[in-house]
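Next come the chains, spelled out residue by residue.
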Amino acid sequence: MEDDKLKELFKGLEGTFDTEEPQYGHRERFLKKLEHSEKTITLNNKKKNWWRTLSIAASIAVLCLIAIGIYSTKPSLDEQVAQISPEVSNTQVYFASLIEDQVKQLENESSPETQRIISDTLEQLKKLEANYKQLETDLINGGNDKLILSAMITNFQTRIDLLQDVINQIETIKNLKNQNNANITI
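Notes on the structure in this doc start here. (Residues numbered from 1 in each chain as written. Predicted model: local features only at pLDDT ≥ 70, side-chain atom pairs only at ≥ 80, totals over all residues. Heavy atoms only, no water.)

**Here we look at helix H1 (residues 2–13)**
- In this model H1 runs 17 Å from its N-terminal to its C-terminal C-alpha over 12 residues, within 8% of the 16 Å that 1.5 Å per residue would give.
- Burial within H1 is sparse, with just 0 of its 12 residues counted as buried.
- Gly15 sits one or two residues past H1 and shows a positive phi near 90°. (Helix = DSSP H or I, 4+ residues; strand = E, 2+ residues; numbered from the N terminus. Expected span 1.5 Å × (residues − 1). Buried < 20%, exposed > 50% of the residue type's maximum accessible area, 1.4 Å probe, protein only.)

Shown next, in the form of structure tokens:
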């Protein structure tokens, strides 16, 4: 019902709407008339432009700071050690692969009889790894390079020797178990 009333209203007003464009310069003439009026206040457009420029500059500054933060990340401990002594990096890769292989071999030999010795060995390896990380930090902080490098290599050798001794002990335990089983079956 309301739609019908609106349609009738617009039909009645049809042709009375001003749809023509104003003449060229209409705005300027209108603003001049406003300026001559006594109660008009002019707004300063320069403040608006100043704030816009300031906000754009602040946005650019924030983006630059974020980009600098992303791209200037501090190198990792291993990267810093490699910069000080590339030989250590190569040695570390070699020893780490040996240790990893022996740890896998050790874990493959796990049984109820050897579980305790394996868990103790893995705990000792964690302590030696923490000690090695401390040596890396000391090297980066500028300690006696030769002495620290020697300690780092000794740390790796100690880990390898520990793993080798435990693997030999596990072999001994397995041999004793097999001998006991052979004696029992006879």
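Resuming the write-up.
**Re the nonpolar core**
- Counting residues in each nonpolar core, the largest one holds 17 residues, and the members touching the most others are Ile99, Leu106, Met152 and Leu163.
- When residues of this core are traced back to their parent elements, those giving at least two are helix H5 (86–108), helix H6 (115–140) and helix H7 (145–185).
- In terms of residues, this core owes the most to one element, H7, which gives 8 residues.
- Once you skip the residues sitting within four places of it in the chain, Ile99 turns out to touch Phe156, Arg159, Ile160 and Leu163. (Core = buried A, V, L, I, M, F, W, Y, C linked by side-chain atoms within 4.5 Å. Contact = heavy atoms within 4.5 Å.)

**Examining the side chain of Asn155**
- Residue placement: Asn155 occurs in helix H7.
- For Asn155, the contacting residues outside a window of four places in its chain are Leu128, Asn131 and Tyr132.

**Considerations on the environment of Glu113**
- Relative to the helices and strands, Glu113 is located in the loop between H5 and H6.
- The sequence separation of Glu113 and Ile170 amounts to 57 residues, and the corresponding C-alpha distance is 8.9 Å.
- In contact with Glu113, not counting residues within four places along its chain, are Ile173 and Lys177.

**Observations concerning a negative patch on the surface**
- On the surface, Glu2, Asp3, Asp4 and Glu8 cluster together into a negatively charged patch.
- One can find Glu2 in helix H1. (Patch = residues over 30% accessible without salt bridge, like charges linked within 9 Å, V, L, I, M, F, W, Y side chains within 5 Å. Areas by Shrake-Rupley, 256 points an atom, 1.4 Å probe, with all protein chains shown as cover. Salt bridge = Lys/Arg side-chain N within 4 Å of Asp/Glu carboxyl O. Lys, Arg positive; Asp, Glu negative; His and termini not counted. Charge placed at Lys NZ, Arg CZ, Asp CG, Glu CD.)

**Focus on the pattern of salt bridges**
- With the rule as written, the count across this model stands at 6 salt bridges.
- Across the pair Glu100 and Lys104 runs a salt bridge whose closest N-O atoms are separated by 3.5 Å. One end of the pair, Glu100, and the other, Lys104, are both in helix H5, 4 residues apart, so they sit about a helical turn from each other.
- In this structure, the salt-bridge partner of Lys174 is Glu171, at a minimum N-O distance of 4.0 Å. Highlighted residues: Lys174 and Glu171, both in helix H7, separated by 3 residues, approximately one helical turn.
- Put simply, Glu129, Lys133, Glu136 and Arg159 are held in one network by salt bridges that share partners.

Shape is all these values report; function is a separate question.
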